[in-house]
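# Report on the structure
One-letter residues, chain by chain:
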Amino acid sequence: NKAKSNSFTGTTYSEAVAYMKSKGVPGANASGAMTASEWSRRRNSYSMTGQGATEVKNYSSYQAYLRDYVSYCVEKFGK
């Protein structure tokens, strides 16, 4: 399942939310992305326990997670 290339190049939560809203993604979906601190907290917990959801297991960086989240939302909910 190859996501369409996406022009989002931001690195912060607020940039991601603004970008998604500009593409017509509903606010609730756009703001559903994790913040960097939330992602880091979950990633650290995963590193220590081996327990974690796909958003930390499958991404080695917050930016990689954020890009995928944005791609998914724009593709699924964007106008």
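Note that the structure is a prediction, hence the values are computed from the model and not measured.

A word on the overall build of the chain. Per the secondary structure count, the chain includes five helices and zero strands. Mapped in sequence order, the helices and strands of the chain form the string α-α-α-α-α. In summary, the chain has a C-alpha radius of gyration of 13 Å against a globular reference of 12 Å for 79 residues, a match within 12%. With respect to the principal axes defined by its C-alpha atoms, the chain has extents near 40 × 25 × 20 Å. The buried share among the 79 residues of the chain stands at 28%. Residue pairs at least 24 apart in sequence account for 56% of intrachain contacts in the chain once pairs closer than 6 positions are excluded. For the chain, the exposed surface amounts to about 5,000 Å²; the carbon and sulfur share of it is 49%. In the chain, 11 positive and 5 negative side-chain charges are present, and the distance between their average locations comes to 3 Å.

Moving on: helix α3 (residues 36–49). For α3, built from 14 residues, the straight-helix expectation of 20 Å at 1.5 Å per residue is met to within 8% by its first-to-last C-alpha distance of 20 Å. Where α3 ends, the next residue or the one after it, G50, has phi of about 75 degrees, a positive value.

What follows covers the packing of aromatic side chains. Enumeration over the complete set of coordinates arrives at six aromatic pairs. Ring centres of Y59 and Y65 lie 6.0 Å apart, and the angle between their planes is 70 degrees; on these two criteria the pair is classed as edge-to-face. Across the pair, exposure class does not vary: Y59 and Y65 are buried alike. Members of the aromatic cluster, each reached through a chain of ring pairs, are W39, Y59, Y62, Y65 and Y69.

We now examine the side chain of E55. Tracing the sequence through the fold places E55 in helix α4 (residues 54–57). The exposure class of E55 is buried, given its relative accessible area of 18%. Excluding its chain neighbours within four sequence positions, the residues that come into contact with E55 are M34, W39, R42 and Y65.

Cut-off values and rules
- Residues numbered from 1 in each chain as written.
- Predicted model: local features only at pLDDT ≥ 70, side-chain atom pairs only at ≥ 80, totals over all residues.
- Heavy atoms only, no water.
- Helix = DSSP H or I, 4+ residues; strand = E, 2+ residues; numbered from the N terminus.
- Rg over C-alpha atoms; globule rule 2.2 N^0.38 Å.
- Buried < 20%, exposed > 50% of the residue type's maximum accessible area, 1.4 Å probe, protein only.
- Contact = heavy atoms within 4.5 Å.
- Areas by Shrake-Rupley, 256 points an atom, 1.4 Å probe, with all protein chains shown as cover.
- Lys, Arg positive; Asp, Glu negative; His and termini not counted.
- Charge placed at Lys NZ, Arg CZ, Asp CG, Glu CD.
- Expected span 1.5 Å × (residues − 1).
- Phe/Tyr/Trp six-rings, centres within 6.5 Å; stacked < 30°, edge-to-face > 60°.

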